[in-house]
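# Structural overview
Listed here are the chains, written in short residue letters.
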Amino acid sequence: MIYLDNAASTQIHGEVLDAMLPYLKEQFGNPSSIHRYGRLGQKAIGKARKEVAKLINAEPSEILFTSGGTESNNTALRGIGKKNPNSRIITSLIEHDAILEPCKNLEKDGFDVVYLPVDKFGLVDPATLENNLNENTSLVSIMFGNNEVGTIEPISEIAKICRKRNIIFHTDAVQAVGKIPIDVKELGIDLLSMSSHKINGPKGVGALYVKNGISIDPIILGGGQEKGLRSGTENVANIVGFGKACEIARLNLVNNISKMTELRNHLSNKILKEISSVTLNGDPDKRLPNNVHLTFLGVNGEDLLIKLDENGVAASTGSACSVHIQKASHVLQAMGFSHEQITGSLRLTVGISNTIEEMDETVKILKTVVEELRAVSPFKEKYSF
Ligand SMILES: *Cc1c(COP(=O)(O)O)cnc(C)c1O
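Residues numbered from 1 in each chain as written. Predicted model: local features only at pLDDT ≥ 70, side-chain atom pairs only at ≥ 80, totals over all residues. Heavy atoms only, no water.

Here we come to unusual backbone geometry. Phi at Asn200 takes a positive value of approximately 65 degrees, unusual for a residue other than glycine. A positive phi is found at Glu226, a non-glycine position, where the angle reads about 50 degrees. With respect to the helices and strands, Glu226 occurs in the loop between strand S8 (206-210) and helix H8 (236-251). On the accessibility criterion, Glu226 (11% relative accessible area) is buried. (Helix = DSSP H or I, 4+ residues; strand = E, 2+ residues; numbered from the N terminus. Buried < 20%, exposed > 50% of the residue type's maximum accessible area, 1.4 Å probe, protein only.)

Pasting the structure below:
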């Protein structure tokens, strides 16, 4: 099997698993306990916090552990929202559902949520953002890198606009962390969401970076863990694994970027060269190094996925979370794609363990499968593939 769905989840790194195991076996204590078990648990969490912070150039005290990207996003939106009832929140039409759904919920509770449009590459225009800020705006939340088409948003510019007006800026950086260099200090970010399982760590753990001086209200109340901002006994093994995944990602960042970029370009160029009537979606330059998103005219993406799976390639049409509900991608809709273009789309996301041979094999399989599907396509007459 060739795994090309690394934007949905990644394989846990061997060293990450090794680092976690002691905390699932002999080192099982509650980190809040006074005894040795507790102390060792606390120490392990502290070490992980330092590693997570280092990856984005934050301070350890600015890292709040959560159960993943979804909880981090909810904590940021609600956490700021609770402090600013009925205020305006600005986001974009192409955010992950883990932003859009909490935003819809905030609207029900009286918040004025503005969903910014994007251009055909999926880019938010900072000037449009600026025009939508008003006296009542408490928070701007724009994603760092899009999970479907891979477009990287103008985060530095957006952060500057927010800073000038004293408005808090959050970014869902789940897809960007570990894939491109991120320095929260240099970029001027106030809140940033990250998730472990997108960077070769375990599932069910993530973090919210909360800049020192920014105050949020907790959404989960209880025993007061994580400075009272996220109650519940810490998932020590997962946190340790996440810390290790961040350390590995930081130490290998430059190498991984060049490796993923090479694989991505090889795959993308070869597909565009060898298969007709294919377009590359998303911004060609401002793009995550692991993302290839394509439209094959006259092909149904779901059929394509099934055929690819049968032939040993694991891919996706876009966001893993929308597959269950079979709705047309809101991201491609916002980019102005036609129904046909949306239907024919495919996302291939490479990871650190993929090889050039796998890219060649994928193109070979894709070519055959696309030909098969096009031979029976209802659009056969309309297009000359
Ligand atoms: C995967 C993802 C999430 C959700 O993260 P989980 O840890 O799976 O909850 C949020 N935002 C983006 C952009 C993602 O890709």
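Near the ligand you find Gly68, Gly69, Thr70, His96, Met143, Asn147, Asp172, Val174, Gln175, Ser195, His197 and Lys198, and these make up its full shell. One of the side-chain nitrogen or oxygen atoms of Asp172 is found 2.7 Å away from a nitrogen atom of the ligand. The side chain of His197 places a nitrogen or oxygen atom 2.8 Å from an oxygen atom of the ligand. In the complex, 88% of the free accessible area of the ligand, which totals 380 Å², lies under the protein chains. The residue inventory of the shell around the ligand, partitioned by class, reads two nonpolar, eight polar and two charged. (Near = heavy atom within 4 Å. Polar contact = N/O pair within 3.5 Å; in protein donor to acceptor, adjacent residues only side chain to side chain. Areas by Shrake-Rupley, 256 points an atom, 1.4 Å probe, with all protein chains shown as cover. Nonpolar A, V, L, I, M, F, W, Y, C, P; charged D, E, K, R; others polar.)

Quick look at the nonpolar core now. Membership of the largest hydrophobic core comes to 63 residues, with the highest contact counts inside it found for Ile56, Val140, Phe144, Ile182, Leu192 and Met194. With nine residues, H8 is the single largest residue contributor to this core. In this structure, this core is formed jointly by two domains, domain 1 (2-8 + 253-375) and domain 2 (14-251), each of which donates at least three residues. Filtering out sequence-adjacent residues up to four positions away, Val140 remains in contact with Ile90, Leu129, Leu133, Ile158, Cys162, Ile167, Ile168, Phe169 and His170. Formed by 27 residues, the second largest nonpolar core is a distinct cluster that contains Phe296, Leu348, Ile365 and Val370. (Core = buried A, V, L, I, M, F, W, Y, C linked by side-chain atoms within 4.5 Å. Domains from an automatic or database assignment. Contact = heavy atoms within 4.5 Å.)

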